[in-house]
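# Structural features, examined
Each chain, written out:
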Amino acid sequence: YFMFLEGPGIPWQGPSLSTLCFRIPVHTIFDSCPEGNGIRSIAITRDAKFLATISDAEIQKVCIWKWTLAVETPACTLDLPKDYGVQNYLTFNPANNKELVSNSMTLVVYYFWFEEKDILVHSAPVLTEKTFNKLVGKFSQSVFHLKLSQILSATKEGKMVVWDIHYPPSSSSTPAFPFIKPCKLVHLQKEGITVLTTVDSYIVTGDIKGSIKFYDHNLAIVNWYSNFKLGAIRTLSFSKTPASSPTEKSNLPTDCTLSGDLFVIRNFLIGTFDATVYHMTADGTTLEKLFVEPRDAIYAISCHPFQPLIAVGSVCGMIKVWNYEKKEYLFSRFFEKGLGVQSLAYNPEGALLGAGFTEGTVYILDAMSLANESPEPFRYSRTGISHVSFSHDSNYMATADVSFTVAVYMMVVKNGQRVWEYMARLRSHRNAIRSLLFGVHLDSNEPRLLSLGKDRFLIEYNLTKSYKDHLAVLDIHRTDQGSFPTCMIWYPPLTKELFLLICNSCYKVKLFNSNTKMC
């Protein structure tokens, strides 16, 4: 499903951003894709009256929605043939709400919407190397020309395909529909073009080298930004506010035309493939980094025990901490290349953050600065750390890796200082470890450690009899027969006895006595 949002905000005008802007939903369309495949691409008209979507199904469906009427069904739909490829970009003609264009990597599709009949016709000519006797390349994005009845399609080879739109004469007696034909191929640059858009009188491109270039309607270069060392451009978004007229105080660059006029452009946002967002102030050519987000999948998340903080870890090696009540970003840390965050856990006091990485490294960090609490990280595993857990007194930390091994670290006093040391590790399971928990012995208040594996074994370790390079096992119990366990947590301490809740693959929840291990 998708939402329509409104609020007081418009694209960033000012120089800084410290909090996220949130909008209020005014209308939500549920079941826009009954097959459950989701939306691949979405576009909205300049006047915000109509919306178009392309589904993410094997047979993609193009829908146009009159969303202001609060209807739950599209005004018209069109199923695209499989051989059209995955259409992953869609946009309306800013000058005509009845025209749209989409493209896959190999095919450009032009659409014309007959609103009175609620039908959507399309034209999708196939390009080959013989069309222009040159290599065209894979398409990235397409837009409508600002002044001519044409469509422009950028490619990963740095080229631009120009399509002519042919409209049938109004006097034609037989039914005819608009269609497109390839007109010419323009080699704009060496670098692959990743973004194509238009603003005011310019055609704008972003490329894999991080350059942003502005062309006139004849595809002649007017100006470019290439000295900011940005990553590959993912998106460009220009301000709704038109650029102000130059004054004596303006600090605008000159364009690269023979006349050398001042280059006047709106402020704009830049999004890159490395998940960084920048704001460009045209007057003064000032670039400001607004924020950096994880560019890869999120594998780890942990809540602070008593403050409204949440730590998020990504495979790209980034840990980012947010205040989830204020929706405010606080601080972050990028780790060296090759270190992907796979697990996170705060200690009970909230002063430390344990982090396990995809290649087996374990860091103990200061929770408020993400600085190393130990001089060097622990590197006792060669595989990803799937679980991190602290004991109730924060004197022990345990980790589990994807090689079915449990490792224990402990706090010791050396030269009057408390430091973390590796104690022991044991390959205690024969299949993936599903949960790793510390508990408390009620009679002694000493910590206890348990692990649960997909091999159906619940194992408790004997920390008091463990020593350097020897992790002792207290007992082993089988939890299931045919099914396998998926998760384990402590049952709330509502009684004098302590219980464990274990879920399994057959959708059962079992309650175990934590001492006798009886179900």
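Residues numbered from 1 in each chain as written. Predicted model: local features only at pLDDT ≥ 70, side-chain atom pairs only at ≥ 80, totals over all residues. Heavy atoms only, no water.

The name an unreviewed UniProt entry gives the chain is Cilia- and flagella-associated protein 251, with Cricetulus griseus as the organism.

Before going further, it helps to spend a moment on the overall build of the chain. When helices and strands are counted, the chain shows one helix and 40 strands. Its C-alpha atoms give the chain a radius of gyration of 30 Å, clearly above 24 Å, the size a compact globule of 519 residues would have. Dimensions of the chain along its principal axes, counting C-alpha atoms only, are 95 × 55 × 45 Å. Counting over 519 residues, the chain shows a buried share of 48%. (Helix = DSSP H or I, 4+ residues; strand = E, 2+ residues; numbered from the N terminus. Rg over C-alpha atoms; globule rule 2.2 N^0.38 Å. Buried < 20%, exposed > 50% of the residue type's maximum accessible area, 1.4 Å probe, protein only.)

Our focus in this paragraph is the packing of aromatic side chains. On inspection of all chains with the given rule, the structure shows 23 aromatic pairs. The aromatic ring of Tyr329 is capped on one face by Lys320, whose charged end is 4.6 Å from the ring centroid. Here Lys454 stacks its cationic end above the ring of Phe484, 4.7 Å away from the centre of that ring. (Phe/Tyr/Trp six-rings, centres within 6.5 Å; stacked < 30°, edge-to-face > 60°. Lys NZ or Arg CZ within 6 Å of the ring centre and 35° of its normal.)

Another aspect to go through is the confidence of the model for the chain. When pLDDT drops low, the exact placement of atoms in the prediction is not to be read closely. Here the chain shows a mean pLDDT of 91. Residues at 70 or above account for 95%. Per-residue pLDDT stays below 50 along residues 8-20; that stretch engages in 29 contacts with residues further than four places along the chain or on separate chains. (pLDDT = per-residue confidence, 0-100. Contact = heavy atoms within 4.5 Å.)

Here the focus is the sheet that holds strand β39 (residues 499-504). Taking strand neighbours across the sheet as the criterion, the three strands line up as β38-β39-β40 in an open arrangement whose pairing is antiparallel. Bordering the open sheet on either side are β38 (485-490) and β40 (509-513), each of which pairs with just one other strand. Taking each pair of neighbouring strands and ignoring which way they run, the sheet shows an average axis angle of 25 degrees. For β39 and β40, the ladder comprises five bridges, and the chain directions are antiparallel. Looking at β40, one finds that Leu501 is bridged to Leu511. (Pairing = 2+ DSSP bridges. Axes fitted to C-alpha atoms, helices over the stretch in contact; angles between N-to-C directions.)

For the rest of this paragraph, the subject is the pattern of salt bridges. Throughout the structure, instances matching the rule amount to 14 salt bridges. Ionic pairing is found between Glu293 and Lys320, a salt bridge with its closest N-O pair at 2.5 Å. Placement of Glu293 in the loop between β22 (286-292) and β23 (298-303) and of Lys320 in strand β25 (residues 318-323) is noted, with a sequence separation of 27 residues between them. Exposure remark for Glu293: the relative accessible area of 25% places this residue in the partly exposed category. Among the residues examined, Lys320 registers a relative accessible area of 3% and is labelled buried. The partner of Arg425 in a salt bridge is Asp401, with the nearest N and O atoms 3.3 Å apart. Taken together, the residues Arg425 in strand β33 (residues 417-426) and Asp401 in strand β31 (residues 396-401) connect sequence positions 24 residues apart. In this structure Asp401 comes out as buried when scored by relative accessible area, which is 3%. Each of Arg448, Glu460, Asp475 and Lys517 takes part in one network of salt bridges that share partners. (Salt bridge = Lys/Arg side-chain N within 4 Å of Asp/Glu carboxyl O.)

Along the chain, Ser41 turns up in strand β3 (residues 39-44). Polar side-chain contacts of Ser41 include one of 3.3 Å to the backbone nitrogen of Leu90. (Polar contact = N/O pair within 3.5 Å; in protein donor to acceptor, adjacent residues only side chain to side chain.)

What the four strands build is an open sheet, ordered β30-β31-β32-β33; its pairing is antiparallel. For this open sheet the edge positions go to β30 (385-390) and β33, each flanked by a neighbour on one side alone. Strand-to-strand twist in this sheet, taken as the mean axis angle between neighbours without regard to direction, amounts to 20 degrees. Here five bridges tie β30 to β31, and the two strands are oriented antiparallel to one another. Residue Val388 lies in a different strand from β31, and its bridge partner there is Thr399.

Of note, Thr272 is situated in strand β20 (residues 268-272). The class for Thr272 is buried, based on a relative accessible area of 5%. The contacts of Thr272, once residues within four sequence positions are left out, are Leu230, Gly231, Ala232, Ile233, Arg234 and Tyr278.

With that out of the way, let us pick up the environment of Tyr491. By secondary structure assignment, the location of Tyr491 is in the loop between β38 and β39. On the accessibility criterion, Tyr491 (32% relative accessible area) is partly exposed. Setting aside anything within four residues of it in sequence, one finds Tyr491 in contact with Phe499, Leu500, Leu501 and Leu511.

The biggest cluster of nonpolar side chains holds 20 residues, and the ones touching the most others in it are Val62, Ile64, Leu90, Leu100, Tyr111, Trp113 and Leu120. For this core, the secondary-structure elements that each account for two or more residues are β4 (51-55), β5 (61-65), β6 (76-79), β7 (89-93) and β9 (108-114). Sorting elements by how many residues they give to this core places β9 first, with three residues. Once you skip the residues sitting within four places of it in the chain, Trp113 turns out to touch Phe50, Ile64, Lys66, Ala75, Cys76, Asn97, Lys98, Asp118, Ile119 and Leu120. With 19 residues, the next largest nonpolar core counts Val195, Leu230, Leu236 and Ala282 among its residues. (Core = buried A, V, L, I, M, F, W, Y, C linked by side-chain atoms within 4.5 Å.)

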